[in-house]
Amino acid sequence: MSSYWAPYGWLPGGVAERVRLVAEDGRWTRVEAGVEPADQDVRLPGLVLPGFANTHSHAFHRALRGRTHGDGGTFWTWRDRMYALARRLEPPAYHLLARAVYAEMALAGISAVGEFHYLHHQQDGSPYPDPNAFGHALIQAASEAGIRITLLDTCYLSGGLGPAGHLELDEVQRRFSDGSAAAWQQRVALLAQIHGAQVGAAQDDTVRIGAAIHSVRAVPAGQLGQVVAAAAGSPLHVHVSEQPAENEATLGHYGCSPTELLARHGFGGPLHTAVHATHLSAADIALYGRTATNISFCPTTERDLADGIGPAPELAAAGARLTLGSDQNACVDLLEEARALELHARLASLRRGRFSPAELVDALTGHASLGWPDAGQLAPGQRADLVALRLDTVRTAGALPEQVVLVAGAADVDTVLVDGRLVVSGGRHVLGDVAGLLAEAIAPLWR
Ligand SMILES: [Zn+2]
């Protein structure tokens, strides 16, 4: 048993004062407000919140941070650098990089990550002797960094979508493809066998195996249904309408929007997540609302790649559930993503107050979309995740606890608990110097 006390806590009913929390076997057993600390309590500073869920990550993109802005940084500068990296990366190097990236996420208050994982095979496109060598490396990395992982193993079969249909894979993309949805399903089944697989499985309680469709560009319509069916009961994520070009190509070839095409093959529902969803029609928005689909917004990536501003308030009003992702990990700060959700909506609509601070905290804690419906609240029975945010830093001093999510950042995170385990304390990760680990993992990749 372990117990904690903080001056403020973000409880299901709102911010409460003098909060005491007791954890046993990785779950909260008691959460009380308006009480004084007991002798044995660990005293935490500031405001304690539920752990954050990072619903969209490509861990290896972290190595691109600060390296894609040459010549002004076009989308193609970014993609060329990303492919240069994807061409070279091997499982041992990826393990070291991902471990450091997941530790950086823990420092930012993230207790679970949805890793949208599409780098599967050897450089010539053939499988490794263990066909899930990369998947295992990522799962191991998350475990060492102390956070939960939902490995969203991604089906990626074609090199893109043009006016004449789907394109051949190029030399780098061969590493992403299993050749068919059936072969993808077989490989993922092996991974699921080892790691306990389905939602609710307790075999390895910090790992879920989910699925992803890279996009309607990368998976031809004829194979979408098989991926959706294979993912039944597990989280399924898809990149949707990040750039207008995808909408144009899909309309040209299939005569409908990416959202409509996916829906025809069974996509949409509370275990499904559309990532980005930047360029949607009114019908697309209504469809995601009607099916209570999750939408993973990744605002710092979407602005970095000049994607545009997605219709977040409209999706929320329609009934979709908004979550947040760090995507390319050029910024690992989910509080910044939450703030950007509101601030981008202000810029796009010339109106303030599109999302309340409580709605932003809901978006920060979208664990259910990663297959963890028992996380995301400071309440008895929930997983004992917690983030203690300091209210006495230069950024947060003077702010009201109930509004601090609009001003705080990763640097204000003091303590992080994941499933009752202390991962970050006093702003320090249990692995030690995370900046050093990042530097050591990234330098060899560009040598
Ligand atoms: Zn992505």
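Residues numbered from 1 in each chain as written. Predicted model: local features only at pLDDT ≥ 70, side-chain atom pairs only at ≥ 80, totals over all residues. Heavy atoms only, no water.

Peer 1: How should the coordination of the zinc ion be read in this particular structure?
Peer 2: Between any two of four tetrahedral donors, the ideal angle at the metal is 109.5 degrees; between two of six octahedral donors, it is 90 or 180 degrees. Donor atoms from the polypeptide that bind the zinc ion are H56 (NE2), H58 (NE2), H239 (NE2) and D327 (OD), placed at 2.1 to 2.8 Å. One can describe the donor arrangement at the zinc ion as irregular, given that its four donor atoms subtend angles of 84 to 172° at the metal. One chain supplies every donor to the zinc ion, and in sequence these donors are spaced H-x1-H-x180-H-x87-D. Remark: H239 occurs in strand 12 (residues 236–240) and H56 occurs in strand 6 (residues 52–57); sequence separation between them is 183 residues. On the basis of relative accessible area, H56 is assigned to the buried category, the value being 0%. (Donors = N, O, S within 2.8 Å, 3.2 Å for Na, K, Ca; no water. Tetrahedral: all angles 85-135°; square planar, octahedral: opposite > 155°, others 65-115°. Helix = DSSP H or I, 4+ residues; strand = E, 2+ residues; numbered from the N terminus. Buried < 20%, exposed > 50% of the residue type's maximum accessible area, 1.4 Å probe, protein only.)

Peer 1: Looking at this structure, I do not really get the domain arrangement of the protein chain. What am I missing?
Peer 2: Here the protein chain is partitioned into domain 1 (2–49 + 383–435) and domain 2 (53–370). The gap between the C-alpha centroids of domain 1 and domain 2 is 29 Å. At the interface, 27 residues of domain 1 touch 28 residues of domain 2. In total, about 2100 Å² of surface goes out of reach between domain 1 and domain 2, with carbon and sulfur atoms giving 65% of it. Applying the counting criterion to the domain 1 and domain 2 interface returns three salt bridges. Residue D419 is joined to R148 by a salt bridge in which the shortest nitrogen-to-oxygen separation is 2.8 Å. Seen at the junction of domain 1 and domain 2, the total is nine residue pairs in polar contact (both at pLDDT 80 or more). When residues of the side of domain 1 that touches domain 2 are traced back to their parent elements, those giving at least two are strand 16 (386–389), strand 17 (413–418), strand 18 (421–425) and strand 19 (428–429). Of the residues that constitute the side of domain 1 that touches domain 2, the class distribution is 16 nonpolar, four polar and seven charged. (Domains from an automatic or database assignment. Contact = heavy atoms within 4.5 Å. Buried area = accessible area lost by both parts, 1.4 Å probe. Salt bridge = Lys/Arg side-chain N within 4 Å of Asp/Glu carboxyl O. Polar contact = N/O pair within 3.5 Å; in protein donor to acceptor, adjacent residues only side chain to side chain. Nonpolar A, V, L, I, M, F, W, Y, C, P; charged D, E, K, R; others polar.)

Peer 1: Explain the packing of aromatic side chains here, please?
Peer 2: Each aromatic ring pair is characterised by the separation of its centres together with the angle its planes make. All told, the structure shown has nine aromatic pairs when counted by the stated rule. Pairing Y4 with W28 gives two aromatic rings, centres 6.3 Å apart and planes at 90°, and the pair type is edge-to-face. On the criterion of sequence distance, the pair formed by Y4 in strand 1 (residues 2–11) and W28 in strand 3 (residues 27–32) is long-range, its members being 24 residues apart. Pairing Y156 with F176 gives two aromatic rings, centres 4.9 Å apart and planes at 65°, and the pair type is edge-to-face. Here F176 lies in the loop between strand 10 (165–166) and helix 4 (181–195) and Y156 lies in the loop between strand 8 (148–155) and strand 9 (161–162), a separation of 20 residues in the sequence. The buried category is assigned to Y156, whose relative accessible area is 6%. Ring-pair connections join several aromatic residues into one group, and the members of that group are F60, Y83, Y94, Y118, Y128, F134, Y156 and F176. Directly above the ring of W446 sits R81, whose terminal nitrogen or CZ lies 4.6 Å from the centroid. (Phe/Tyr/Trp six-rings, centres within 6.5 Å; stacked < 30°, edge-to-face > 60°. Lys NZ or Arg CZ within 6 Å of the ring centre and 35° of its normal.)

Peer 1: Looking at this structure, how should I read the packing of helix 4 against helix 5 (residues 221–230)?
Peer 2: When two helices pack together, their arrangement is given by the angle between the helix axes and by the axis-to-axis distance. Two numbers describe how helix 4 lies on helix 5: the axes approach to 9 Å, and their chain directions differ by 20°. In terms of orientation, helix 4 lies roughly parallel with respect to helix 5. The interaxial crossing formed by helix 4 with helix 5 has right-handed handedness. Together, A181, A182, W184 and Q185 of helix 4 and Q223, Q226, V227 and A230 of helix 5 make up the contact between the two elements. In terms of residue class, the contact of helix 4 with helix 5 is made up of five nonpolar, three polar and no charged. (Axes fitted to C-alpha atoms, helices over the stretch in contact; angles between N-to-C directions. Parallel < 35°, antiparallel > 145°, perpendicular 65-115°, else oblique. Left-handed = near helix turned anticlockwise from the far one by under 90°.)

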